[in-house]
Amino acid sequence: MNRRADMTVSGVVQGVGFRYMARIAARQCLLRGEVENMEDETVRITCEGEEEGIGRFVEAVRGAKKPIEVDDVRVEYSEPTGEFKSFRIVMGDLVTEMSEGFGAGSAYFRMMLEKQDSMLEKQDSMLEKQDDTVKEIRSLSSSMHDMMDARFQRLEDEISKIKAKLP
């Protein structure tokens, strides 16, 4: 059954690429409608489509990943009007949109750098463990070498004693 959902999403949802994520999710759920930033820093979403698709879309919005931080999603359902042909982003003025785009890019870049730093720390820790393992192996190898030299020396000594007793 077709439904209409009017949603208000609050949290860190402006300047972080939320509208683009919403458009992708809406299209994946086969919804039509629009998403728009509001002056009170919330985002308004109106969508129409199959009830199941709207449910999946609402869950996608609630589960948005960082740097997006969804605090609350208010949803009101009603009968569809059929006014939308696709799902679109309602754009603001050029300066605002460019600022938001640069802000979102900066947030994602910062996250990538943090992830890279974390991975490098793990790599350094693994290299330290690898160095410790190599030292242990070398120590064991040296000990094994010393032990084998001692055993061979004893064998040579015993063979010499046996040879000395032979006629």
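Residues numbered from 1 in each chain as written. Predicted model: local features only at pLDDT ≥ 70, side-chain atom pairs only at ≥ 80, totals over all residues. Heavy atoms only, no water.

Our focus in this paragraph is helix H3 (residues 94-165). With 72 residues, H3 extends 105 Å between its outermost C-alpha atoms, agreeing within 8% with the 106 Å of an ideal straight helix rising 1.5 Å per residue. Buried residues of H3: Glu 97, Glu 100, Ala 104 and Ala 107, and no others. (Helix = DSSP H or I, 4+ residues; strand = E, 2+ residues; numbered from the N terminus. Expected span 1.5 Å × (residues − 1). Buried < 20%, exposed > 50% of the residue type's maximum accessible area, 1.4 Å probe, protein only.)

Structurally, the position occupied by Arg 19 is in helix H1 (residues 18-28). Polar side-chain contacts of Arg 19 include one of 3.1 Å to the backbone oxygen of Val 90. Among all residues touching Arg 19, those that are not within four sequence positions of it are Val 35, Glu 36, Asn 37, Val 43, Ile 89, Val 90, Met 91, Glu 97 and Glu 100. (Polar contact = N/O pair within 3.5 Å; in protein donor to acceptor, adjacent residues only side chain to side chain. Contact = heavy atoms within 4.5 Å.)

Attention shifts here to unusual backbone geometry. For the peptide bond that leads from Lys 66 to Pro 67, omega is 10°, which places it in the cis range. Here Pro 67 shows up in the loop between helix H2 (51-62) and strand S4 (69-78). For Leu 30, which is not a glycine, the phi torsion comes out positive at approximately 60°. The topology assignment puts Leu 30 in the loop between H1 and strand S2 (32-37). For Leu 30, a relative accessible area of 66% gives the class exposed.

Residues Met 7, Val 9, Phe 18, Ile 45, Phe 57, Val 61 and Val 70 are the most contacted members of the largest nonpolar core, which totals 25 residues. Elements supplying a minimum of two residues to this core: strand S1 (2-12), H1, strand S3 (43-50), H2, S4 and strand S5 (87-90). Setting aside residues up to four positions removed in sequence, Met 7 forms contacts with Val 43, Arg 44, Ile 45, Phe 57, Val 58, Val 61, Val 73, Arg 74 and Val 75. (Core = buried A, V, L, I, M, F, W, Y, C linked by side-chain atoms within 4.5 Å.)

So, on to a negative patch on the surface. There is a patch of like negative charges on the surface, built from Glu 114, Asp 117, Glu 121, Asp 124, Glu 128, Asp 131, Asp 132 and Glu 136. On the secondary structure map, Glu 136 appears in helix H3. Exposure remark for Glu 136: the relative accessible area of 55% places this residue in the exposed category. (Patch = residues over 30% accessible without salt bridge, like charges linked within 9 Å, V, L, I, M, F, W, Y side chains within 5 Å. Areas by Shrake-Rupley, 256 points an atom, 1.4 Å probe, with all protein chains shown as cover. Salt bridge = Lys/Arg side-chain N within 4 Å of Asp/Glu carboxyl O. Lys, Arg positive; Asp, Glu negative; His and termini not counted. Charge placed at Lys NZ, Arg CZ, Asp CG, Glu CD.)

This paragraph deals with the pattern of salt bridges. The final tally for this structure, using the stated rule, is 12 salt bridges. For Lys 66, the salt bridge goes to Glu 69, with nearest N and O atoms at 3.0 Å. It is possible to trace a salt-bridge network through shared partners that takes in Arg 4, Asp 6, Glu 48 and Glu 83.

Further remarks concern the state of the cysteines. Disulfide: a covalent bond formed between the sulfur atoms of two cysteine residues. Tallied over the full model, the rule gives 0 disulfides. For the unlinked cysteine Cys 29, the closest cysteine sulfur is that of Cys 47, found at 8.8 Å. Look at Cys 29 and you get buried, because its relative accessible area is 10%. With relative accessibility at 0%, the residue Cys 47 sits in the buried group. (Disulfide = S-S within 2.5 Å.)

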